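Below, each chain spelled out in residue letters.
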Amino acid sequence: QISATLVKISFGKESLQSSINKLEKQTGIKFSYNPEDLKGYSVKPNKFKEEKLSSILNYLFAKTQLTFKEISDGIVIYDKTATLKTGLLTDKSSGPDIKTESADITVTGIVSDINGPLPGVSVVIDGGTKGVITNTNGSYSLKAAPDAVLIFSSIGYKTQKININNQTVINVTMVSDLRSLSDVIVVGYGVQKKSDITGAIVSVNEQALRDIPASNIGQALQGQAAGVDIQKSGGNSHPGATPSILIRGNRSINASNAPLIVVDGLPFNGSLNDINPDDIVSLEVLKDASSTAIYGSRGANGVLLVSTRRGKKGGTNITYSGYAGFNKPLGNYNIMNGPQFEDLKKWGLINGNPGKYSGLDDPAFLTDGSFAPQEVASIKSGRSTDWQKLIYKTGFVTDHQLGVSGGTDLTQYAISGGYYNETGIYFGQSFVRYSIKLSIDQQLGKNVKIGLSSLNTLSYTNGENANPLGQALRASPLSTPYDDATGQLVGFTAGSANQVWNPLANFVPGAAVETRKRFGTFTTAYAEVNLAPGLKYRFNGGAEIRPDIYGNYYASATTNNLGGASTANNQSTYSYNYTLENILTYDRTIAQKHHINFTGLYSLQESQSQSNSFSYNNILSDGIQYFNPQYGANLSGSGSYSKWDIISYMARVNYGFANKYLLTLTMRSDGSSRLAPGNKYHVFPSAAAAWNVTQEPMFKDSHVLSNLKLRVSYGTVGNTAINPYQTLGALTSVNYNFGSTNLTGAYPTNVPNPNLTWEYTSTLNAGADFGFLDGRITGAVEAYHQYTRSLLLPLSLPPTSGIPNSILTNVGQTQNKGIEISLASVNIQGNGRNSFSWTTSANITFNRGKVTKLASGVTQDITNGLFVGQPINAIFDYKKVGIWQNTAADTAQAKSLGLTTTGTGSVIGTIRVEDVNKDGKISASDRIVLGSDQPKYTGGFTNRIAYKGFDFTVVGVYRVGGLITSKLFQSGSFINTFQGNYNNINEDYWTPTNHQNFYPKPNSASTNTPYSSLLSYFDGTFLKIRSATLGYYMPESITKRIKARSLRIYATAQNPFILFSPYRNTFHGLDPETAGSLNVDTPPTKSFTFGINMTL
Amino acid sequence: CKKTLVEAPKSTLTPAFFTTTQGFQAGLTAAYAGFRTIWGPDTYFEMTVPGTDEFIAGNDGNNGLVKYNSNFNTADGIVAGIWKNCYTYINTCNGLIDNAPSGLDAATKASLIGEAKFLRANYYFILVQFWGDVTLNKSFQATPTTSATRAPMADVYTFIIQDLKDAIAALPTGPLTNGVQPGRATKAAAEHMLAKVYLTRAGSSAKQADDYKNAYTNAIDLITNVAPGAGLKLQQDFGKVFAEGNETNSEILWTVQHTTTLAYNGSATQNNSGPDNLLCHLFVPKYEVQPGMQRSTLYGRPYIRVVPTHWLTDTVFKERVNDQRYNKTFQTMWLCNNAASIPNWPNPLPAGAPAGAQPGAPKYTVGDTAIWMPGYAMTSSQIAGYRYQVIPPGKYSIALSPAMIKYFDTKRPDQNSPSSRPIIIYRLAETYLIAAEALYMDGRATDAVSYINAVRERAAYPSGNVVAMDITADKLSLDFILDERSRELCGELVRWLDLVRTGKLLERVKLHNTDGKSNIKPFHVLRPIPQTQIDATITGTPYPQNPGW
């Protein structure tokens, strides 16, 4: 009996709302109500000692129209004069009765949500005031006219109207309404009701996070939130790869644009893979300066607030979720087969040895060593090896999570254990993670609450650098992995001039071993003390300890050592971070209308990392692997140590007037160890205001415009995302010997820069949250303008400066302007069981970033790729206009530009670039900005339909515009050299008789085809179906039998389609998605998984 | 709290360390190590060996820089790498010279500074020869700069000469002097270099009236006074100069060091990158695809970056009876090392097959000759009389030609490993040739003869006629001296600079270099200022490019 809970509480002269808040916080009991109803009521000061909750509530509601009802896990407060508008219940016992007519029938049923039966749902008859509440089993029973309409409503769920239509059993599945205004969402250092938020915050709910079963939250979040740009880092897709996350574009050019991740209130320094996504129940993205400013310097790139599952009061909840499936390459790299390669090589030799060969059919090719004997045999027999087919296999993925949670009035707990295992699409790649999470919250007496949460993971990543593709794509398709005579694996592949080692050699067990073992705990504890009414002190402490041990061993006969000495490398890293926070909050409502919330913070963050690495070769036995350097030779080692600290003071005031006008003021001061004395401290202010327009009387009854809030914020945050010790300058070590005397030297490669200071980003954000048609269409629009100054920039100096490394300086300014739109629509309102439901959410982000100023007033810095007026990451290169043709006109034109037209260096048949400045020669001054990787717009969408227990969800992401760089197509990848020494991307290249104007001629004399970078820029547009999931809720008849509250099974296809991608469709690339450039890497995969979610 | 924010690096060194005694030693070691990225990789090699009258690009050679075609432009990475490397280590030397710690005794300090100045002079000498007017940083660059200007060549030469004079005064006598470690700078090396610097300036637009005189004065002082006192003399056998295991011989003045302790040899992974010694691979032809052959550590890794010009093998080295250097410079015979690819005699036997040939039987066995390059023309019927492949000069190709063996290293841990042999930069034989060239150019041909003859006489060892090697003053010409330098020094990373110094680059490339003859233009005597330099000079006046580029 919740209402019988003994409570000790005191009320000041405050609003009823604040009294309820106080009760809620103090007791942990969940109150469910429409805040509208509480408005205008105030409370007289009073003290209660060990009073029953019901008495206290009766006292509070004495002179109001309010009453309450206890449900299984909380108290529902409602207006007893009843209104359907609020969708809350009126009860027989408390509302005016209406006479039961004899024709009435008894309707019974069970109301549930996706997790099972739902108690406390109000079931009322439309047009009347009669109603009941579902009991703890979710069941209800009431009498009503056979043609009446029942209204099912509950806080946090969408209200449903169902025609009785002579049915006597009506089971209802409630659809959660996560956009409900009274929902609280997590903000920095606290929670706020959504209606009170003044900043730009996107909230991603658990369901959206579950749509894409993935090893880390980054992959699941892709396309789900406007303004959050998530892409595979460098196109990387091996097991355990983590994507790059960018919030509102590139601000800083320096190493990190990665957002801060805050887990359960404390900064998290581990990798995305160190969090089991199954433990996450919600995720908030803080985007504007007002929201992020409270994290000071660490919030400069945006903040991801991650909340993990905690226990709730009530019965024990046991959940299991699991899935299993397989991965396959999204496609094969488009390289040549035997006959195609044979022709390419011959053309290369013809062009590289002018006059030597008579043509493709010259018999000398087969006898003069141009082709290796095995290749000659293949040519004669028509044999061709598809190396990719030999190395790919089907990868396997499985994930299991078992959770137990529950709690009593005083103690709540949640425990979960997870296991994830993914193997790659070639041998030697895998990622395995074991995770255990535990949280406990304990009330001590009346005023103190303590809690502990611990996230622990142990992961094994195998083969994070395993990449036989470099060899597989280069290997001659005319060679074979097995010796023709002995059938044994060959070492160097035939025809490779001993450059390409048989990629299959790495698959011999024990030949190539690479493992990263990573253990980590992220453990946080808090103690919360109520000091006085409204005044609370909270201590947060968190520590993160992560030992990480890496080892690799490559036998002699591997692609890594090409038959040379076997090698081994060990690295051990110990990193350790802690955060201590002292938070004081004061919350008070004055004169019923003025709500003030103050938060003060003092915090210390420290991070230390230490690592050692040693390598050696010639290991005595393959069995030793990387475990004992004593059995190796030529041992060498290195080590690193770094430590940084941030000391912070923060104050924030939230002021609200009648829930209509809201104001947030924040001030944070950060001191960073990473800057030189004198520049260590800086203060970052921000302010935000919001107006709940629909709280104005004229809109109060509007159904069309059900919600409108206008927000504006401005603030400055700083960034010291620079490595420790950067202000001190650095020497680089180098080894040398004088005869048998071996010495280690050191020389200056970086200069001290004591003037290095914070990088500041000021953001002006204007936003609107809106809801139409009683919330069927909801959304938000944000417009922002960010200015970044004293940009921290790694500046490459002219070589004559004598400083070879780029140095970090505060140079220049950038700006980002953008618009973000999120929309959610209930297209067809239904419950998904007996009525069809269809919801759509979509978001789109427009961001325009550019450099606005560089040091010393220069307008371009070619070396560092910075151009005033252009985005960061501008592509600066020559302009390709085709291929020089073997016509008299082209030859004359080339000659007039000073180009060679004879011999092996002849430009005829090579890429033709434009003499942009028309000075009659091709020179470096003909380079121009060709574009940048900045897309025109990006976004994502989710469509969800449900009927008869089935649900089908499609999640897509899209990206339009922007130039991507695929280094595969550059000669440096070794698979597009057009030299004929290695296999080549399968392209229709130029020959004297094929006057095609895009791909150049093969030339054996040229290691790289000139201007090959111009072959690597592509339109980055794509639409990718990230996942398509078909799920089914098992009917009660089955769930009852296994005593489960709910059981859902599903099948998901991940990345089944990539559409509208010129890179893929026209140029036969695999996947245009990349942060950075695409390389010769593990090909992207598509996967199919099957899973179940069960609650007992 | 204040203390919490103070940084104390533990795993990295900061420039402050540079001003301690230990730091000075470490900096000097690094300044030496910088030469490993010049002498050893294929970059400086491509800038000096091919593109001359001696060598053209091989099968896997460069298709721009060494052919003077339009692929060679200001973006060339080879040129940019050498440029950057020089300036990085010049700054190291500047730091040493400017900030020498006070804790050292005067003599040690002077000697260490002398080493630093010798090294700095070498880096600047490379710059001024390839690029002409260059930025002259005389002191340590403690603050970052994005501007730069070019100093007149004359100033750079003056600076180099002063450094070398200071070094000569401070350094120990020679590499064999007691207590001098191999690879260290010595007075002998500095004096050799000073002679070469004067000789080179004399051939430039910055020439001074007494340059030739100063060149031979220093060279002759080294030959007649310094060397004998320091135990330095020409090796009796030309072949021994480069013999494996004889890396600290009496002829060597200065080397870039490498070691069989692989952690200190070059790149950390010994993967033929960065500071590794690759010279062992660069001249190796594609013998491995020939019948009866496969790759071996003995014959080397066929990078085949260059092959000799016909002029080099057939004209310059034409005399092979008294002059023994051809056979000690080139490999012309390969012994069968692969039973699997030994060819069989056809049936019926071809006309002129040697006695003992059996149809269907292997032509030879492992250990027999598989390839032979006689070095003179043979008729096809003569060739038919051999069991193995005979390649006369007319059949030389960019894949298979005589292999220059001075850098071969047969003791590498495996067939693809880089070399661990030191690389000779200066040797006494060149001092003789410098003396001869300077004397001749100064109008003293008669005096020059004895120096050139000293080198030629040694070349006759062991079986040649020493007297027949001697030449007389009337035979002497600049062309003869250049030819003699080829016979003595071919492949030793000096030729392109020799041709520029003597003003013969265009003439000789047009005559002998089939790659570059139709492409080379007068502006090619200077390398382009790297685009990276021009692009990064974003403040002050734009960095000027060399004319014609």
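Note that the coordinates shown come from a computational prediction; the quantities given were computed from them, not determined experimentally.

Scanning chain A from terminus to terminus reveals 13 helices and 58 strands. For 1096 residues, the compact-globule estimate of 2.2 N^0.38 gives 31 Å, and the C-alpha radius of gyration of chain A, at 33 Å, lies within 12% of that figure. Over its C-alpha atoms, taken along the principal directions, chain A stretches across nearly 110 × 70 × 65 Å. The buried share of chain A, taken over its 1096 residues, is 57%. Of the contacts made within chain A by residues no fewer than 6 positions apart, 69% connect residues no fewer than 24 positions apart. For chain A, the accessible area works out to roughly 41700 Å², and carbon and sulfur atoms hold 56% of it. With 92 positive and 75 negative side-chain charges, chain A shows a separation of 5 Å between the mean positions of the two kinds.

The subject of this paragraph is the packing of aromatic side chains. Residue and element names in this part refer to chain B. The final tally for this structure, using the stated rule, is 65 aromatic pairs over all chains. Centre to centre, the rings of Phe 35 and Trp 39 are 5.8 Å apart; their planes meet at 40°, and the pair counts as tilted. An identical accessibility class is assigned to Phe 35 and Trp 39; each is buried. Directly above the aromatic system of Trp 345 lies the positively charged group of Lys 363, at a separation of 4.9 Å from the ring centroid. One residue, Arg 487, lies across the ring of Phe 480, its end atom 5.4 Å from the ring centre.

On to the interface of chain B and chain A. A common way to state how big an interface is: give the accessible area lost once the parts meet. Of the residues lining the interface, 79 residues belong to chain B; the matching set on chain A comes to 89 residues. Between chain B and chain A, a total of about 6600 Å² is buried, with carbon and sulfur atoms accounting for 56% of that surface. It is Leu 5, Glu 7 and Tyr 264 of chain B that lose the most area in chain B upon contact with chain A, and together they represent 12% of the buried surface on that side. One salt bridge connects Asp 535 of chain B with Arg 927 of chain A, and the closest N-O pair in it is separated by 2.9 Å. At the junction of chain B and chain A, the tally comes to 25 residue pairs in polar contact (both at pLDDT 80 or more). Elements supplying a minimum of two residues to the side of chain B that touches chain A: helix H1 (21-33), helix H3 (77-98), strand E2 (252-256) and helix H19 (531-536) of chain B. Of the residues forming the side of chain B that touches chain A, the biggest block, seven residues, is contributed by H3 of chain B. Here the side of chain B that touches chain A is built from residues that sort into 30 nonpolar, 37 polar and 12 charged.

Another aspect to go through is the sheet that holds strand E10 (residues 122-125) of chain A. Residues and elements named next belong to chain A. Spatial ordering of the open sheet is given by E11-E10-E13-E14, a layout of four strands whose pairing is antiparallel. Either end of the sheet is taken by a strand with one partner, and the two such strands are strand E11 (131-133) and strand E14 (160-163). Pairwise comparison of adjacent strand axes, ignoring direction, gives a mean angle of 20° for this sheet. Inspection of the sheet shows strand E13 (residues 149-153) paired to E14 by four bridges, in the antiparallel sense. Within E14, the residue paired with Phe 152 across the bridge is Gln 160.

What follows is about the domain arrangement of chain B. Residue and element names in this part refer to chain B. Assigned domains within chain B: domain 1 (20-151 + 487-549), domain 2 (171-257 + 427-476) and domain 3 (280-404). In this assembly, 14 residues from domain 2 lie in contact with eight residues from domain 3. Overall, the association of domain 2 and domain 3 removes approximately 770 Å² of surface from exposure, summing both partners, and the carbon and sulfur fraction of that is 55%. Together, Phe 238, Ala 459 and Met 469 form the three largest contributors to the area buried by domain 2 at its contact with domain 3, with a combined 48%. At the boundary of domain 2 with domain 3, the tally comes to one salt bridge. One salt bridge in this structure joins Asp 237 and Lys 328, with 2.7 Å as the shortest N-O distance. The tally of links from domain 2 across to domain 3 stands at five residue pairs in polar contact (both at pLDDT 80 or more). Those elements giving two or more residues to the side of domain 2 that touches domain 3 turn out to be helix H8 (238-241), helix H14 (445-458) and helix H15 (466-469). Residue composition of the side of domain 2 that touches domain 3, by class: eight nonpolar, four polar and two charged.

Conventions adopted
- Residues numbered from 1 in each chain as written.
- Chains lettered and ligands numbered in written order.
- Predicted model: local features only at pLDDT ≥ 70, side-chain atom pairs only at ≥ 80, totals over all residues.
- Heavy atoms only, no water.
- Helix = DSSP H or I, 4+ residues; strand = E, 2+ residues; numbered from the N terminus.
- Rg over C-alpha atoms; globule rule 2.2 N^0.38 Å.
- Buried < 20%, exposed > 50% of the residue type's maximum accessible area, 1.4 Å probe, protein only.
- Contact = heavy atoms within 4.5 Å.
- Areas by Shrake-Rupley, 256 points an atom, 1.4 Å probe, with all protein chains shown as cover.
- Lys, Arg positive; Asp, Glu negative; His and termini not counted.
- Charge placed at Lys NZ, Arg CZ, Asp CG, Glu CD.
- Phe/Tyr/Trp six-rings, centres within 6.5 Å; stacked < 30°, edge-to-face > 60°.
- Lys NZ or Arg CZ within 6 Å of the ring centre and 35° of its normal.
- Buried area = accessible area lost by both parts, 1.4 Å probe.
- Salt bridge = Lys/Arg side-chain N within 4 Å of Asp/Glu carboxyl O.
- Polar contact = N/O pair within 3.5 Å; in protein donor to acceptor, adjacent residues only side chain to side chain.
- Nonpolar A, V, L, I, M, F, W, Y, C, P; charged D, E, K, R; others polar.
- Pairing = 2+ DSSP bridges.
- Axes fitted to C-alpha atoms, helices over the stretch in contact; angles between N-to-C directions.
- Domains from an automatic or database assignment.

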